Amino acid sequence: MHSDIEAHLLHLHRLVAPISGALAVDVGCGDGSSTRALSSRGWRALGLEVTFQLVERARSAGQEAAGVSFSEGRGELLPASASGAALITFLFSFHHVPEDFRIQAIDEAKRSLLPDGRLHIVDPLPDGPMSEVVLPVEDERATRRHAHQLLQSLDGKGWKLLSREEYVIGRVVPDFQTIVDDLLRMNPSQNVQVSAMRPEMERRFKALGKPVKGGMRLDQPCVAYHLEPV
């Protein structure tokens, strides 16, 4: 399991114990690692991504397993298959919801959750080594601040904030090219900009990364918000 996903699930399951066979919806599931990790803990896990290509990437990134499925879906427009969820997660994906649709995404989560369900959102803070490496081509500081301001304002507005916890995750990447590949996979139009800024990004990677077994570790502080509908 990815070390960062391990950290996220450790914090999550201190707050809500896995419920065998209950539906957990993983919004913005990326390569599906987090979805499979939820399933391995007993959840019936549904991973959502915004395009068919990203869904196929998640499906093909790991072995098929019972209790794991993937589908197209957006935080602001959850599919019918997300209804009746005991848990909805956004693991480093909420700030990717367009700012104008974030309230709608929160409303969609409430509509899809069971009355005693939980919404668990972990988003990166604006700064940190992981963010600093890609900053020359991907400056998310303003949109991350917007996301955190919104999430901190939810308590008492149809939601009860059960926990807010800040912690640091470490993502181990085998080499700098992996970061470049991930950037271009998500946004191929950045190719020219990434090529131009590659030397500066690689300098930051070497300066900010920590050599570990398997590659370089890049740390990123984040905040987990754990909410229940009221």
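Parameters at a glance
Residues numbered from 1 in each chain as written. Predicted model: local features only at pLDDT ≥ 70, side-chain atom pairs only at ≥ 80, totals over all residues. Heavy atoms only, no water. Buried < 20%, exposed > 50% of the residue type's maximum accessible area, 1.4 Å probe, protein only. Helix = DSSP H or I, 4+ residues; strand = E, 2+ residues; numbered from the N terminus. Pairing = 2+ DSSP bridges. Right-handed = clockwise from strand over helix to strand, strands pointing away. Axes fitted to C-alpha atoms, helices over the stretch in contact; angles between N-to-C directions. Left-handed = near helix turned anticlockwise from the far one by under 90°. Contact = heavy atoms within 4.5 Å. Core = buried A, V, L, I, M, F, W, Y, C linked by side-chain atoms within 4.5 Å.

**Q** Residues and numbers for the pairing of strand 4 (residues 85–91), please.
**A** Counting buried residues in strand 4 gives 7 out of 7 residues, a clear majority hidden from the surface. Pairing geometry for strand 1 (residues 23–27) and strand 4, over 4 bridges, is parallel. In the sheet register, Val25 faces strand 4, and the bridge partner there is Ile88. Direction of pairing for strand 4 relative to strand 5 (residues 113–124): parallel, over a ladder of 6 bridges. By the bridge assignment for strand 5, Thr89 is matched with His120. The β-α-β motif built from strand 4, the intervening helix 4 (residues 102–112) and the parallel element strand 5 has right-handed crossover chirality.

**Q** If you had to explain the packing of helix 7 (residues 176–186) against helix 8 (residues 191–208) to someone new, which residues and values would you point to?
**A** Where helix 7 meets helix 8, the closest approach of the two axes is 11 Å, and the angle between their N-to-C directions is 145 degrees. In this structure, helix 7 meets helix 8 at a crossing whose hand is right-handed. Of the residues in helix 8, those touching helix 7 at Phe176, Gln177, Ile179, Val180, Leu183 and Leu184 are Asn191, Val194, Arg198, Met201, Glu202 and Phe205.

**Q** Quick one: what's the story with the nonpolar core, residue by residue and with numbers?
**A** Counting residues in each nonpolar core, the largest one holds 27 residues, and the members touching the most others are Val25, Ile88, Phe90, Phe94, Ile106, Leu119 and Trp159. Every element with two or more residues in this core is listed here: strand 1, strand 2 (44–49), strand 4, helix 4, strand 5, helix 6 (141–152) and strand 8 (215–229). In this structure, Trp159 is in contact with Ile106, Ala109, Lys110, Leu113, Leu119, Leu154, Leu227, Glu228, Pro229 and Val230, ignoring residues within four places of it in sequence. Core analysis: the second largest hydrophobic core is formed by 22 residues, Phe92, Val134, Leu218 and Ala224 among them.

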